[in-house]
Amino acid sequence: MFHRYHSPKENNSRTLVLLHGTGGDENDLLDVAAWIDPSAGILALRGDVVEQGQNRFFKRLAPGVFDQADLALRTNNLAAFLNDASIRYGFDLDKAILVGYSNGANIAASLLLQTGVSIGGAVLLHPMLPCQARQILDRPSIPVFMAASSNDPIAPFASAAALEQELRNIHHNVTMRVGASGHRLTMETIEAAKQWLHTQPYYPRIR
Ligand code: MLT
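Below: a short report on this structure. Being a predicted model, the structure only gives us computed values, none of them experimental.

1. Looking at the pairing of strand S2 (residues 15-19)
Counted residue by residue, S2 has 5 buried out of 5 residues, so it is predominantly covered. Judged from the 5 bridges that link them, S2 and strand S3 (residues 41-45) form a sheet pairing that is parallel. Along S3, the bridge assignment pairs Val 17 with Leu 43. Crossover S2 to S3 through helix H1 (residues 30-36) is right-handed.

2. As for the environment of Leu 61
Residue position: Leu 61 is located in strand S6 (residues 60-62). A sequence separation of 95 residues divides Leu 61 from Pro 156, and the C-alpha atoms of the two residues are 17 Å apart. When near neighbours in sequence (up to four residues on either side) are disregarded, Leu 61 contacts Phe 66 and Asp 67.

3. Let's talk about the site of the ligand
The environment of the ligand is formed by Thr 22, Arg 56, Phe 58, Arg 60, Gly 64, Phe 66, Ser 102, Asn 103, Asn 106, Met 128 and Ile 154. In the model, an oxygen atom of the ligand is placed 2.8 Å from a nitrogen or oxygen of the Asn 106 side chain. Taken by itself the ligand offers 260 Å² of open surface, and the protein chains cover 94% of this. For the shell around the ligand, a count of residues per class yields 4 nonpolar, 5 polar and 2 charged.

4. Considering the nonpolar core
Judged by nonpolar contacts, the single largest core of 41 residues is most densely connected at Leu 43, Leu 82, Leu 98, Leu 124, Val 144 and Leu 167. At the level of elements, S2, S3, helix H2 (68-89), strand S8 (96-101), helix H3 (103-114), strand S9 (121-125), strand S10 (143-149) and helix H4 (157-169) are the ones that each hand at least two residues to this core. When residues of this core are assigned to their parent elements, the largest contribution, 7 residues, is made by H3. Look past the residues within four positions of Val 144 in its chain and what remains in contact with it is Leu 112, Ala 122, Leu 124, Leu 167, His 172, Asn 173, Val 174, Thr 175 and Trp 196. In terms of nonpolar packing, the next biggest core, distinct from the first, is built from 22 residues, Ala 44, Ile 97, Phe 145 and Trp 196 among them.

Conventions adopted
- Residues numbered from 1 in each chain as written.
- Predicted model: local features only at pLDDT ≥ 70, side-chain atom pairs only at ≥ 80, totals over all residues.
- Heavy atoms only, no water.
- Buried < 20%, exposed > 50% of the residue type's maximum accessible area, 1.4 Å probe, protein only.
- Helix = DSSP H or I, 4+ residues; strand = E, 2+ residues; numbered from the N terminus.
- Pairing = 2+ DSSP bridges.
- Right-handed = clockwise from strand over helix to strand, strands pointing away.
- Contact = heavy atoms within 4.5 Å.
- Near = heavy atom within 4 Å.
- Polar contact = N/O pair within 3.5 Å; in protein donor to acceptor, adjacent residues only side chain to side chain.
- Areas by Shrake-Rupley, 256 points an atom, 1.4 Å probe, with all protein chains shown as cover.
- Nonpolar A, V, L, I, M, F, W, Y, C, P; charged D, E, K, R; others polar.
- Core = buried A, V, L, I, M, F, W, Y, C linked by side-chain atoms within 4.5 Å.

Laid out in structure tokens, this is it:
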């Protein structure tokens with residue numbers, strides 16, 4: 001997959017994997033990453049699907065209606081890509097945090113629901129329930145921060161709440177934040193994600 005990689009500063013072993021929303025690219029979430037963990041390594045991806053000139057991580061049939069076969073294929077591709085990238089760049093996938101917004105949050109959610117990938121955690125910003133969970137033996141329990149809005153016209157709250165429940169059903173450890181900013185990513189949400197991130201075991205505490 002097309003991507004850019006920046007090594008971590010200060011020799012730490014943390015990595016943020018950035019997954020943009022529809023119409024974005026690998027640069028979109030760099031400012032968010034710089035805010036939530038300025039010294040982490042960065043693996044910033046660009047979705048492989050182009051829909052009317054807009055990059056996405058998987059195909060859809062209509063707004064909010066996903067091509068499940070394509071989603072499953074691209075989810076597996078993403079899992080394989082992350083594995084390869086961790087070897088190529090020498091980072092620890094177990095300590096990598098997925099940071100996805102909108103369509104990028106949806107493929108990150110799909111990765112948690114459909115694969116047994118072992119990653120450090122996930123920050124899902126305005127996600128939906130993209131698919132049902134698959135039964136997987138020995139799936140690791142992954143810490144997840146979710147941000148949803150009660151008035152999100154693109155990622156309806158009911159779908160985000162269904163995702164929260166589905167993630168809990170398969171024993172992921174979900175922290176949910178509900179705002180009222182529509183589909184917009186606000187500074188309050190990014191700051192809440194940062195606070196959550198720094199409660200993770202291998203993160204320095206914020207004083
Ligand atoms: C999706 O297609 O993944 C969702 O509708 C969000 C978006 O439009 O990116």
